[in-house]
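Chain by chain, the residues run as shown.
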Amino acid sequence: MKINLSNAVKFENRHNGPTDVEIAEMLETIGASSLEELIDQTVPKSIQLEGPLNLPASQLETDFLVEFKKLASKNKVLKSFIGLGYYDTFVPNVILRNVLENPGWYTAYTPYQAEIAQGRLEALINFQTVVMELTGMELANASLLDEGTAAAEAMGMLFSVKAREKKTATKFFVDEKVFPQTKAVLETRAEPIGIEIVYGSVEELDVTDPELFGVLFQYPDSDGLVRDYSAIVAAARENKVHTAFAADLLALTILTPPGEMGADVVVGTAQRFGVPMGYGGPHAAFFATKEEFKRQIPGRIIGVSLDRAGNKAYRMALQTREQHIKREKATSNICTAQVLLAVMSSFYAVYHGPKGLKNIALRTHGLAKLTANCLKELGFEVGEGEFFDTIKVTLSSHDQAHFSAMAVGAGMNFRYAKDVVFIAFDETKSLQDVKEIINVFATTAGKDPVSLTGNVESLELTLPAALERKTEYLTHPVFNSFHSEHEMLRYIKRLENKDLSLVHSMISLGSCTMKLNATAEMIPVTWPEFGQMHPFSPMDQTAGYQELFANLERWLSEITGFAGTSLQPNSGAQGEFAGLMVIRAYHQDRGESHRNIALIPTSAHGTNPASAVMAGMKVVLVKCDEKGNIDLEDLKAKASAHANDLASLMVTYPSTHGVFEEAIKEICDTIHQYGGLVYMDGANMNAQVGLTSPGNIGADVCHLNLHKTFCIPHGGGGPGMGPICVASHLVPFLPGNPLVKTGGENSVSSISAAPYGSASILPISYAYIAMMGGDGLTNATKMAILNANYIKERLSGHYPILYTGTKGRAAHEMIVDCRGFKEVGVEVEDIAKRLMDYGFHAPTVSFPVAGTLMIEPTESETKAELDKFCEALISIRAEIKEIEDGIADRMNNVLKNAPHTATMVLTGEWNLPYSREKAVFPNANVKENKFWPTVRRIDSAYGDRNLVCSCIPVEEYATEEV
């Protein structure tokens, strides 16, 4: 046999599921002679690209990791004392290895199917409990994107719940000591919806101003100072003014919580609870508020309910996706969370417990206090007032440059302002670090360093009574039981085993693209060169990140056919908002500020109209025809009717119905004809890559869901990234940041707190593109279309397929119509729950059409896995037929009783009209590898009527496990 020295396996062949043999078999099933013929039957010829993508050649996994390590090494990781809401932290190794680096946690989907997500949901209940108890508030969500956007959500919520006496009030007072990146996000979000931000010192706050509706404080503030706000909050309440705090969770272990001062909202980030800084993200932000605002709180709330056996169970509560219900009347476009990071932070709190967290806080405060005392002894002026972890030291401007160079030489980054330096401590810092800081200051002053010994021995917590926390927190057993690594490991694994993820089976969620998150893509995420970088580190220390950004921006621009890219938006919904704000800025720059009409098809994602309203636009809906396409005549009529005020069209392509609309170029031309711009929702970009592009179609801007098309894991509901790509005329308006130069010459204000959003997960998409290359990415798109059409053909004899293209093909997803089964009492939810018994997560339920399943297999699944999924649905169809034929009871059957748990079939008498085996082993595939749902079907309505959003009391554990 001849030896081939070039016989290494390409990454593309690991990522794309079907083999050449399987491709041939699938093409035969769907009736296409070749893959090229299938693509021509699916993607209109008029929009197909004329040539291949101009991207670097694909790299082997091993070669990529070697080269990428060289790029990462260009980042210089110094000890960060910068603060401003970002702090170094120790990620406990048991959490690092078993959560952050574990596909059982990072490949799970958002817990909409709660019966197979009880592990994540318990971890998120723990997160909410931590936030509620530390902030002193009655309710918390799980979770938001970053502290800046969480503060903006607070502002927006308080604007929407104004007292009747404040109906016309538009002023929102922001303490001048709020973090600068938060101020920038507030400004971006305030102006389009008519809020006037007023900055000033706390002493300048006039709560009697009739135009004032809300206030935001930073606690501790950007100077590091802590003060008692109780009197101010009480006065504000007397005058019908609501108050919000941006607070530090670690500080709240020793400081009086804002809730005890009377706060209405408390926001912040859980980053320093065991999540790396990651050059800005991802981190779980939090939002805590009063019970009275439970219907207005943005984001996802996890609540406690009951399953059919009467046992306690968790599920998402209330308006967890309010924008899909309220659409243009929604107050928030939040559609995602930072679940993986919230899970990490909750485990961090569980692992350390209340005593451990307080010890970390006291040690952090002690290091800051020790440094302050020593610097005073050296003769330096240290800021007056109470502080937690950050001290302010006066330096002359002449000394500052010299001092900064010395600090960097000693491996330390500080934060500088005019004539002052700020030093922020965290749990990773030590007495040795204090010695080095004192040495730098002493050298600058030409003095000998002072001894630490006496200062260390005299350290005490000496906060004023009004500021020292007196209430207990985290008393629940979950925070007091797992402090040894062995017990913590078992707890993590116990929760992980309750959740179905991609490690078990395909998750065929239409619109959500649950594709492979390859291990080689994930490995660099935990490299310190990426994880331990502060987002406001000096630029000359971030060369590796800058090279990564430049390459990724160039690649994404090439893929989308556009001229420029911003990596700042840290979710898909943030990308929508960013795209619309750029369009808005373009019109304003041309003297056409009156253009404020956004045309949106009725089939659009609910975040589209919500984002448009947030960007100050008015939504006009466009009809869809019976085939699911945009009604061209209705579009033209409405574009013409609003010609003078038309700002944009928001369009998803392929459509939300899984079809490449033939008239897309005419649609774009129509909008341009009347002076509007086209925003393309990139949710379905994975059906375009390498075959067509938003730029080629005629769009002006698109956002990309990197957590879909470009392989960032869903993480149980987050993190995500939503960069925007724009045509040349929009490049000047790409978003900026107040602390790091980003964006265009006329950049809109910040969309996210960090300049590059959740930068530390960008290596995942970078790795995917680098290892796939242009040909591999194009083939992935072809495989996605092939797999979708294969499922369509296999199911079409059993279920109606709702929409197809003009030649009978689906795009990368299709909609299965289950509405007809209502005649025999079967709802689409019954099918979704029954799929759990077959070991599968349900496809997307009732979106975009109620009573349907939207199925998207992705390119990463093999024919064998597709067949297992199809056989499960075909078997369920046979079970429905048993009801239709009168063989099975309409109300007491395997679908209505699904899912079936191990407890249900192994204990007590079996009095159901079908066998145990039929319940839990419906086909041979299931017997080989059974996944057991841990609870029976959950009563969501009960949970909403009896809202409980914190850990279940100990006394109820017994009933939970019956």
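Cut-offs used in this document
Residues numbered from 1 in each chain as written. Predicted model: local features only at pLDDT ≥ 70, side-chain atom pairs only at ≥ 80, totals over all residues. Heavy atoms only, no water. Helix = DSSP H or I, 4+ residues; strand = E, 2+ residues; numbered from the N terminus. Buried < 20%, exposed > 50% of the residue type's maximum accessible area, 1.4 Å probe, protein only. Contact = heavy atoms within 4.5 Å. Areas by Shrake-Rupley, 256 points an atom, 1.4 Å probe, with all protein chains shown as cover. Expected span 1.5 Å × (residues − 1). Arc of directions from axis to C-beta. Salt bridge = Lys/Arg side-chain N within 4 Å of Asp/Glu carboxyl O. Core = buried A, V, L, I, M, F, W, Y, C linked by side-chain atoms within 4.5 Å. Phe/Tyr/Trp six-rings, centres within 6.5 Å; stacked < 30°, edge-to-face > 60°. Pairing = 2+ DSSP bridges. Axes fitted to C-alpha atoms, helices over the stretch in contact; angles between N-to-C directions. Left-handed = near helix turned anticlockwise from the far one by under 90°. Nonpolar A, V, L, I, M, F, W, Y, C, P; charged D, E, K, R; others polar. Polar contact = N/O pair within 3.5 Å; in protein donor to acceptor, adjacent residues only side chain to side chain.

Peer 1: So what exactly am I meant to see when it comes to the overall build of the protein chain here?
Peer 2: The helix and strand inventory of the protein chain stands at 33 helices and 27 strands. Reported as C-alpha extents along the three principal axes, the dimensions of the protein chain are approximately 85 × 80 × 70 Å. Expressed as a percentage of the 962 residues in the protein chain, the buried residues total 64%. Nonlocal contacts in the protein chain, meaning residues at least 24 apart in sequence, comprise 77% of its contacts between residues at least 6 apart. By element, 49% of the accessible surface of the protein chain is carried by carbon and sulfur atoms, the whole surface being about 33,300 Å².

Peer 1: Can you walk me through helix α4 (residues 61-72) in this structure?
Peer 2: The end-to-end C-alpha separation of α4 is 16 Å, in line with the 16 Å expected for 12 residues at 1.5 Å each. Considered for burial, the residues of α4 that qualify are Phe64, Phe68, Leu71 and Ala72. Buried residues along α4 cover an arc of 90° about the axis, so they all sit on one side. Where α4 is buried, its residues contact α19 (528-531), α20 (543-560) and α26 (762-795).

Peer 1: Would you take a moment to explain the pattern of salt bridges for this structure?
Peer 2: Two side chains with opposite charge may pair up if their charged atoms get near one another. Counting across every chain of the model gives 43 salt bridges. The salt bridge involving Glu122 is made with Lys498; its shortest N-O contact spans 3.8 Å. With a gap of 376 residues between them, Glu122 in helix α7 (residues 118-135) and Lys498 in the loop between α17 (485-496) and α18 (519-522) connect regions that are remote in the sequence. A relative accessible area of 21% means that Lys498 is categorised as partly exposed.

Peer 1: Teacher, can you tell me more about the nonpolar core here?
Peer 2: Note on soluble globular proteins: their nonpolar side chains tend to be buried together. Tyr219, Phe347, Leu599, Ile769 and Ile831 are the most contacted members of the largest nonpolar core, which has 226 residues in total. Element by element, the count of residues in this core is highest for α26, at 18 residues. Counting 36 residues, the second-largest nonpolar core is a separate cluster that includes Met155, Ile197, Ala244 and Ile301.

Peer 1: Before we go on, may I ask you to explain the packing of aromatic side chains in this structure?
Peer 2: The geometry of an aromatic ring pair is captured by two quantities: the separation of the ring centres and the angle between the planes. Under the definition given, this model contains 39 aromatic pairs. Summarising the aromatic geometry, the rings of Phe64 and Phe68 are spaced 4.9 Å apart at their centres and angled 25° between planes, so their arrangement reads as stacked. Residue Phe64 and its partner Phe68 are located together in helix α4, separated by four residues, close to a single helical turn. Accessibility classification places Phe64 together with Phe68 in one group, the buried group. Aromatic pair Tyr279 and Tyr756: ring centres 6.1 Å apart, planes at 15°, arrangement stacked. In this pair, Tyr279 is assigned in the loop between β8 (265-269) and β9 (285-289) and Tyr756 in the loop between β23 (724-726) and α26, connecting sequence segments 477 residues apart.

Peer 1: Sorry, what's going on with the sheet that holds strand β13 (residues 390-394) here?
Peer 2: Where strands meet in a sheet, backbone hydrogen bonds hold them as pairs that are either parallel or antiparallel. The sheet built from three strands is open, its strands ordered β13-β16-β15 with antiparallel pairing. Each end of this open sheet is capped by a strand with a single partner; those strands are β13 and β15 (415-417). Recorded for the sheet is a direction-independent mean angle of 25° between the axes of neighbouring strands. As paired strands, β13 and strand β16 (residues 420-424) are joined by five bridges and run antiparallel to one another. Each bridged residue has a counterpart across the sheet, and for Lys392 the counterpart in β16 is Phe422. Running at roughly 15° to β13, helix α13 (residues 339-377) makes contact with β13 and β16 of the sheet.

Peer 1: Help me understand the sheet that holds strand β27 (residues 938-939) in this model?
Peer 2: In space, the three strands of this open sheet follow the order β11-β10-β27, with antiparallel pairing throughout. Edge positions in the sheet fall to β11 (312-317) and β27, since each of these pairs with one other strand and no more. For strand β10 (residues 301-307) and β11, the ladder comprises six bridges, and the chain directions are antiparallel. Bridge assignment links Val304 to a residue of β11, and that residue is Tyr314.

Peer 1: How should the packing of helix α14 (residues 397-409) against helix α15 (residues 431-445) be read in this particular structure?
Peer 2: Two quantities define a packed helix pair, namely the angle between the helix axes and the distance between the axes. Direction vectors running N to C along α14 and α15 enclose 140°, while the axes themselves pass 10 Å from each other. Remark: the crossing between α14 and α15 carries right-handed chirality. Where α14 abuts α15, its residues Asp399, Phe403, Met406 and Ala407 lie against Val440, Phe441, Thr443 and Thr444. Class assignment of the residues belonging to the contact of α14 with α15 gives a composition of five nonpolar, two polar and one charged.

Peer 1: What am I meant to see in the pairing of strand β5 (residues 212-219) here?
Peer 2: The two faces of the sheet receive side chains in turn, since in a regular strand these alternate between them. Judged by how many residues are buried, β5 sits mostly within the fold: eight of eight residues are covered. By the bridge criterion, four bridges tie strand β3 (residues 171-175) to β5 in an arrangement that is parallel. Residue pairing in the sheet places Val174 in a bridge with Leu216 of β5. Across six bridges, the pairing between β5 and strand β7 (residues 242-247) is parallel. What sits directly across from Leu216, in β7, is Ala244.

Peer 1: I would appreciate a short explanation of the side chain of Gln48 in the present structure.
Peer 2: Mapping Gln48 onto the fold places it in the loop between α3 (35-42) and α4. One polar contact links the side chain of Gln48 to the main-chain carbonyl oxygen of Val43, over a distance of 2.9 Å. Once you skip the residues sitting within four places of it in the chain, Gln48 turns out to touch Ile39, Asp40, Val43, Leu691 and Asn696.

Peer 1: What is the right way to read the packing of α26 against helix α28 (residues 863-884) from this model?
Peer 2: One can describe the packing of α26 onto α28 by two numbers: an axis separation of 10 Å at closest approach and a directional angle of 30°. Classified by chirality, the crossing of α28 by α26 is right-handed. Only Lys863, Leu866, Asp867, Phe869, Cys870, Glu871, Leu873 and Ile874 of α28 make contact with α26, whose side of the interface consists of Asn787, Tyr790, Ile791, Arg794 and Leu795. Tallied by class, residues from the contact of α26 with α28 come to eight nonpolar, one polar and four charged.

Just distances and angles here, no functional claims.
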